[in-house]
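Descriptive structure summary
If you want the building blocks of each chain, they are given just below.
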Amino acid sequence: MAERVLMRNFDRASSHTLAVYREHGGYAGWDKARQMEPAALVEEVKQSNLRGLGGAGFPTGAKWSFIPKSHTGPVYLVVNADEGEPGTFKDRYLLEKDPHALIEGMLIAARAIRCALGFVYIRGEYVEPWRRFSAAVKEAYDAGLLGQGFDIVVHRGAGAYICGEETGLISSLEGKKGWPKVKPPFPAIKGAFAQPTIVNNVETLCCIPPIVTRGAAWFAGLGTKTQGGTRMYSVSGRVKRPAVYETSVSITLRQLIELAGGVSHSGRLKAVVPGGGSAPILTADEIDVVMDVDGLKSAGSMIGSAGVIVLDESASIPEALLVLARFYAHESCGQCTPCRESTGWIYKMVHRIVDGHGRKDDLDTIVDVARRGAGTTICAFYDGAVGPYISYIQKFRGEFEGLCRS
Amino acid sequence: MPKLTIDGKEIDVEAGTNLIEAARRLGIEVPHYCYHPGLSIAGQCRLCMVDIEKAPRPTIACNTQAVDGMVVHTQTDRVKETRRSMMEFHLINHPLDCPVCDQAGECWLQIYYMKHGLYEPRMTDEKVHKPKAVPLGPHVMLDAERCILCSRCVRFCDEITGTGELGIFNRADYSEIGLFPGHDLQNNYSGNVVDICPVGALTDRDFRFQVRVWYLDTTKSICPGCARGCNVDVHVNRKRPHHAGGRRVARLKPRFNAAVNAWWICDVGRYGFGDVDDETRMTRPQRRVEGQAVDTDWGEALGAVADALRRYSPEEIAILASPKQSNEDLFALKRLCEHRGIRQLAFRAPTPPAAAGDDFLLRADRHPNTRGAELLGLEGDVAGILSAAGAGRIKLLWVFEHDLLASGWPIAETTAALDRVETLVWSGANANATTARAHRVLPLAAWVERDGTFTNFLGRVQRFRAAVEPLGEALAGWDVVGRVMTALGAPAIGTRAEHWFRELSKSVAAFAGLTYQAIGDGGAMIAGAAPTTAPAPPGRRADAKVTA
Amino acid sequence: MTEAHGPAPASSRPPTEKRGLAEPATTFSSEQLAEVRRLQSLYPDRRGALLPVLHLAQETFGYVSLEVEEYVASLFDLSAAHVHEAVTFYTLFFQQPKGRHVIAVCHNLSCHLAGAPDILAHVKARLGIEPGETTEDGRVTFQAVECLCACEAAPMAQIDDRYELNLTREKVDRILEALR
């Protein structure tokens, strides 16, 4: 649909090396950014309408501007490479195939927020991406790109989905359990090691060099009115060509599924998870939605990490809910009561239903408990669980009731 | 000072006050578990949510600081519904242990469920099972199933004692409080985690299965275990004497005093009340007849003591008061000595060798009223008195509380000195080796059996109160001395501890202007002494080891 | 009976009673200690190096025993309880000896839709153990794990450090064959 921006280097041999990156315009954005004032960089990113691509969709420029002007101590940039949202795999590609794009994005961001130290938190299971990225960091140090006012520390996680939540990530970076922090204070005010901190997703930062080299207006124009640019959609499940696809954020879900070859197995679409496992499910009638932040919000779902999972007619929705309910029960960090206690209980109920020992009352209980917990927790993890709990049961109630014995 | 409105009532508070505290000042209770004013904010239980105008959703009150113009509602339907939801979440995996749980009757799950829950339970699946009845050190019992994971105990060990023994392991609903496997909960403040645990997850091993809390009466008092005088509540079991092994005092709990001990008490003090009800308690006056102790009555006993005081010359009489005694007791002795011209009066027997203070509340001086004894002018030469006794120059030696044979002095010499005294009178609550050598034993009421005041090492005068009747015929020290003085023809001072204190404050400059009323429940400083605050907890000091 | 949720199964749960046989060496060499200090110096608060050091410990000692936890705690001036919190919280740290190889099969949504249950059953049948267990000969530890974020190549698994994609029963057989 649009030209490739984020995936522009992917098909080149040795795309991950500094030499190849530089050969094709790499670090030109950094050269330009060094001539710009931090405030001007923040403004450029604001104008680009870039919105966070890790899950929350928060306007990136606005986030950068939250660092208190009066702060004289250190400011930290933390890259969230703890990709873990079910159905999402785009950051893995970026880390392996274009690590220098991330480094360049970090350099520019660091200048914008006046930061001298950046951390890249890579999920522990991503061993190959970690090795690739660490090698790129070494190349950047050897070339004098890093260590001249900006340093990068690469930090491996150890297996916890909750470390993808920005303050859970910060806690983990600080050497603790990945427990999200009570807010306020927000990370831009008091984050990692008690200093102002900006946490950005890998893909979000990879957008920065093109924004600087080609301009905010260009980037904004690629997208919709409220979200600029392209993004990488991870498409998987019952499609013929599961892969990562980069398109303008103005694409519709229907178009995206077609791009991925259409529905596989039965060939008939039943439902789609549009934004990673935490997104409320959409039925086959709801796929003309525009896949940007506001488009999905209006449709009662969310774009999240843009992990698109397609379910065909032969897929069981109750089984899908069972898989996700187990996921949330396992990944709950346990810190606050509503999430800790009810993710486990709801998993037990869904399990009982799928096993044929459920009651219709259980369906009402699950939905009611989920509603009571939504919005009450320390972080949005539970709200992510609530997405599937409520939407799968509400939109496919018949399929669940069919399994219930009373 | 921000001014905010809660439930329609306005209040000014200091900047930085959170909404739970602001509401408390207005008499409005915001239910909560993980919040504790002495610990950092956790924000984990989610029970303290309130509605704040301009906030789209209910917000936790503990982590919200009062801001000028803030309007808070704690009784909206939404808040009530949220509280009901939070109670259900807390009880999903909670075991139905009430019938066997010591916390019943003072359990915040019970209390808040009755106030804010009252829903139809619908959890019919298997609850998560965790270890039960796990001893954590000598004083604390853990039941991990009952635990609501509020993390107060973990924060206590990190922030107050700085020892970091407790952690929350695993994650999700199999998260579990515990010690590092193989380690123990052995700091000197372990009992406090029982106080702050809102539920029956952490209970007192000493109190386990002893008596139901609704049978207990409570009296405000002062711990007599050291010179700090931590404020306590004495919990006594009067209603079910066949429970708790017949012990009248069931347990001690710390009482908040910002000037002395904040919310805490050390284990030495907390668990040191056993002697009040043990078999060494003296309950009747006794005299020695041919080496045997024979019971007698007060009339006979006091008559004999008064007689001895009259008979011997003042140079032949010595009195060893004790820094365990109250200001009133010591003042009575001072008056007696003045009346009779007795100069050999002292109080400092050495502390038993092993006693040491710690880095927080416990003082090396294990007596509650050393400062009182000093201020009342009872300083003397104990060694000189014992030496005179050994030389045969003391005919009447009246010893209060001390065990001179366990004070670090050479036993043979001290025994010989005591044995040379013609009339050795011993007064105290618990018999010891010295008691056994006395010709006359006068039983004294224990600290929980009488009123009085102690002066702590910083000069704070604090009231302790009678929680139970004296055992047997035991009397307060000032009462015994007062009756002896009456028998000697000295003017009567009074029949209550307060009478003696009034007289004391008139005569001793340091106590000028103090009354029981002025002392109240929080204590008052002696003349010229600066106001005090509880010491900084070890976990919060700049040089604290990183444990959190 | 719920699967793959609840307390970690015996092979990776910390022993709460007495420890077992004699433990292997549990201190770092001087080069490794230098690496620990270097890692600690990278963070504004040296505690930030805890996860990297625990990874180093696991690589060095094979797994993170209680002795290793106490040792690591001493390197950070942390209480052992707080190191234990981290080790029991994160799934990549093994608290018991693991097999020479680890096969972690994803059973999250896209892999489920692509046939993960069948792959799991196949591995179970071939190895004769349940997820969470290790083969008798100490060759392989088998795990069922949550999303590894390779959904485009479902069903898939992580074998030691690498991802094995687009699994079939035959591919699984070849992979297991090659694990010594």
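The residue numbering used here restarts from 1 in each chain and proceeds along that chain's sequence as written. Each chain takes a letter, starting from A, and each ligand takes a number, starting from 1, following the order in which they are written. Restriction of local features to residues with pLDDT of at least 70 applies here, the model being predicted, together with a cutoff of 80 or more for giving and counting side-chain atom pairs; totals for whole chains, interfaces and linings are based on all residues. Excluded from the side-chain calculation are hydrogens and water; included are all heavy atoms of the structure.

Another point: the overall build of chain C. The helix and strand inventory of chain C stands at 7 helices and 4 strands. Strands are runs of DSSP state E lasting at least 2 residues, helices are runs of H or I lasting at least 4, and numbering of each runs from the N terminus. Mapped from its N terminus to its C terminus, chain C presents α and β elements in the order α-α-α-α-β-α-α-β-β-β-α. Using a 1.4 Å probe on the protein chains alone, a residue whose accessible area is under 20% of its type maximum counts as buried, one over 50% counts as exposed, and one in between counts as partly exposed. Classification of the 180 residues of chain C by burial places 56% in the buried group. Look at the contacts in chain C between residues 6 or more apart in sequence, and 62% of them connect residues 24 or more apart. Computed with the Shrake-Rupley method and a 1.4 Å probe, the accessible areas treat only the protein chains shown as cover for residues. Carbon and sulfur atoms form 53% of the exposed surface of chain C, whose accessible area is close to 7,700 Å². Here a residue-residue contact requires only that any non-hydrogen atoms of the pair lie within 4.5 Å.

Take the pairing of strand 5 (residues 230-237) of chain A next. Residues and elements named next belong to chain A. A large share of strand 5 lies buried, amounting to 8 of its 8 residues. The two faces of strand 5 match: Thr230, Met232, Ser234 and Ser236 on one face and Arg231, Tyr233, Val235 and Gly237 on the other face are all buried. Each pair of strands is called paired provided DSSP finds at least two bridges between the two strands. Note: strand 5 against strand 6 (residues 243-248), 6 bridges, orientation antiparallel. Residue pairing across strands places Ser234 opposite Val244, the latter belonging to strand 6.

Residues and elements named next belong to chain A. Note on aromatic contacts: the rings of Phe and Tyr and the six-membered ring of Trp form a pair at centre separations within 6.5 Å, being stacked when their planes are under 30 degrees apart, edge-to-face when over 60 apart, and tilted otherwise. Across all of its chains, the model carries 33 aromatic pairs over all chains by this definition. The interplanar angle of 70° and the centroid separation of 5.9 Å between the aromatic rings of Tyr76 and Phe119 together place this pair among those described as edge-to-face. Separated by 43 residues along the polypeptide, Tyr76 in strand 1 (residues 76-81) and Phe119 in strand 2 (residues 117-122) bring together distant segments of the chain. A single burial state applies to Tyr76 and to Phe119, both of which are buried. Ring centres of Tyr161 and Phe327 lie 4.8 Å apart, and the angle between their planes is 70°; on these two criteria the pair is classed as edge-to-face. Taken together, the residues span a long stretch of sequence, with Tyr161 in the loop between strand 3 (151-156) and helix 8 (166-173) and Phe327 in helix 14 (residues 317-331) at a distance of 166 residues.

Once that is clear, we can look at the packing of helix 3 (residues 38-47) of chain A against helix 6 (residues 99-112) of chain A. Residues and elements named next belong to chain A. The convention used is that axes are lines fitted to C-alpha atoms, helices contributing only their stretch in contact, and that angles between N-to-C directions extend from 0 to 180 degrees. Between helix 3 and helix 6, whose axes approach to 7 Å, the crossing angle comes to 120°. Counting all contacts with helix 3, which are made through Pro38, Leu41 and Val42, the residues of helix 6 involved are Ile108, Arg111 and Ala112. Taken together, the residues of the contact of helix 3 with helix 6 break down into 5 nonpolar, no polar and 1 charged. When residues are grouped by polarity, Ala, Val, Leu, Ile, Met, Phe, Trp, Tyr, Cys and Pro land in nonpolar, Asp, Glu, Lys and Arg in charged, and all others, Gly among them, in polar.

In this section: the domain arrangement of chain A. All names here are of chain A. Boundaries between domains were set according to an automatic or database domain assignment. According to the domain assignment, chain A consists of domain 1 (18-222), domain 2 (230-312) and domain 3 (317-401). Here the C-alpha centroids of domain 1 and domain 3 sit 33 Å apart. Here domain 1 meets domain 3 over a buried area of about 890 Å², counting both sides, of which 72% is carbon and sulfur. Values labelled buried area give the accessible surface lost by two parts on being combined, using a 1.4 Å probe and summing over both. Contact with domain 3 buries area across many residues of domain 1, yet Tyr161, Ile162 and Trp179 alone supply 53% of it, more than any other trio.

Residues and elements named next belong to chain B. In terms of burial, helix 12 (residues 477-487) is a largely internal element, 8 of the 11 residues being buried. Where helix 12 is buried, its residues contact helix 7 (298-311), helix 8 (327-340), strand 18 (396-400), strand 20 (440-443) and helix 13 (497-507). Trailing helix 12 by a residue or two, Gly489 shows a phi angle of about 90°, which is positive.

All names here are of chain A. Cis geometry marks the peptide bond from Lys183 to Pro184, where omega comes out at 5°. Tracing the sequence through the fold places Pro184 in the loop between helix 8 and strand 4 (197-201). In this chain, Pro184 is followed by Pro185 through a cis amide linkage whose omega measures 5°. In this structure, Pro185 sits in the loop between helix 8 and strand 4.

Taken together, the 39 residues of chain C in the interface contact 63 residues of chain A. Taken together, both faces of the contact between chain C and chain A bury some 4,100 Å²; the carbon and sulfur share is 60%. Considering only the surface of chain C that becomes buried against chain A, Leu109, Leu113 and Glu152 of chain C emerge as the three largest contributors, covering 17% of it. In what follows, salt bridge is the name for a side-chain nitrogen of Lys or Arg lying within 4 Å of a carboxyl oxygen of Asp or Glu. The interface formed by chain C and chain A contains 4 salt bridges. Note that Arg326 of chain A is salt-bridged to Glu146 of chain C, the shortest N-O span being 3.2 Å. Contributions of two or more residues to the side of chain C that touches chain A are made by helix 2 (50-61), helix 4 (80-89) and helix 5 (109-113) of chain C. At 5 residues, helix 2 of chain C tops the list of elements feeding residues into the side of chain C that touches chain A.

Along a regular strand, successive side chains alternate from one face of the sheet to the other. All names here are of chain C. With 6 of 6 residues buried, strand 1 (residues 101-106) lies mostly within the body of the structure. Burial along strand 1 is two-sided: the face carrying His101, Ile103 and Val105 and the face carrying Val102, Ala104 and Cys106 are both buried. In this structure, strand 1 lies alongside strand 2 (residues 140-145), joined through 6 bridges in parallel fashion. Bridging from a neighbouring strand, Val102 pairs with Thr141 of strand 2. Sheet topology places strand 1 next to strand 3 (residues 157-159); 3 bridges connect them, and they run antiparallel. Looking across to strand 3, one finds that Ile103 is bridged to Ile159.

In this section: the sheet that holds strand 12 (residues 231-237) of chain B. By way of backbone hydrogen bonds, the strands of a sheet pair with one another, either parallel or antiparallel. Residue and element names in this part refer to chain B. The strand order across the open sheet formed by 3 strands is 11-12-13, and the pairing between neighbours is antiparallel. Two strands close off the open sheet at either side, each with one partner strand: strand 11 (216-222) and strand 13 (249-254). When strand polarity is set aside, the average angle formed by the axes of neighbouring strands in this sheet is 25°. Where strand 12 lies against strand 13, 5 bridges are found, and the strand directions are antiparallel. Across the sheet, residue His235 finds its bridge partner in strand 13, namely Arg251.

Take the buried residues of types Ala, Val, Leu, Ile, Met, Phe, Trp, Tyr and Cys, join any two whose side-chain atoms come within 4.5 Å, and each joined set is a nonpolar core. Counting residues in each nonpolar core, the largest one holds 186 residues, and the members touching the most others are Tyr389 and Tyr392 of chain A, Leu4 of chain B together with Tyr90 of chain C. The dominant element in this core, judged by the number of residues it contributes, is helix 14 of chain A, at 10 residues. Those residues within four positions of Tyr389 of chain A in sequence are excluded, and the remaining contacts are Leu321, Ala325, Tyr328, Thr343, Ile346, Ile366, Ala370 and Tyr382 of chain A. Residues Ala81, Leu145 and Ile211 of chain A together with Met156 of chain C belong to the second largest nonpolar core, which totals 74 residues.

This paragraph deals with the environment of Gly482 of chain B. Tracing the sequence through the fold places Gly482 of chain B in helix 12. Note: C-alpha distance between Gly482 of chain B and Ala332 of chain B (150 residues apart in sequence) is 6.6 Å.

What follows covers the sheet that holds strand 1 of chain C. Residues and elements named next belong to chain C. On the basis of which strands lie adjacent, the open sheet formed by 4 strands has the order 2-1-3-4 and mixed pairing. Two strands in the sheet have a free side with no partner beyond their single neighbour: strand 2 and strand 4 (162-164). Pairwise comparison of adjacent strand axes, ignoring direction, gives a mean angle of 25° for this sheet.

Residues and elements named next belong to chain A. Mapped onto the elements of the fold, Val244 is located in strand 6. We classify Val244 as buried; its relative accessible area is 9%. Distance from Val244 to Arg231, taken between C-alpha atoms, is 9.8 Å for residues 13 residues apart in sequence.

With that out of the way, let us pick up the environment of Ala279 of chain A. Residue and element names in this part refer to chain A. With respect to the helices and strands, the residue Ala279 is situated in the loop between strand 7 (269-273) and strand 8 (282-283). The class of Ala279 is buried, set by a relative accessible area of 0%. For the pair Ala279 and Ile303, spaced 24 residues apart in the sequence, the C-alpha separation amounts to 7.2 Å. For Ala279, the contacting residues outside a window of four places in its chain are Val273, Pro274, Ser301 and Met302.

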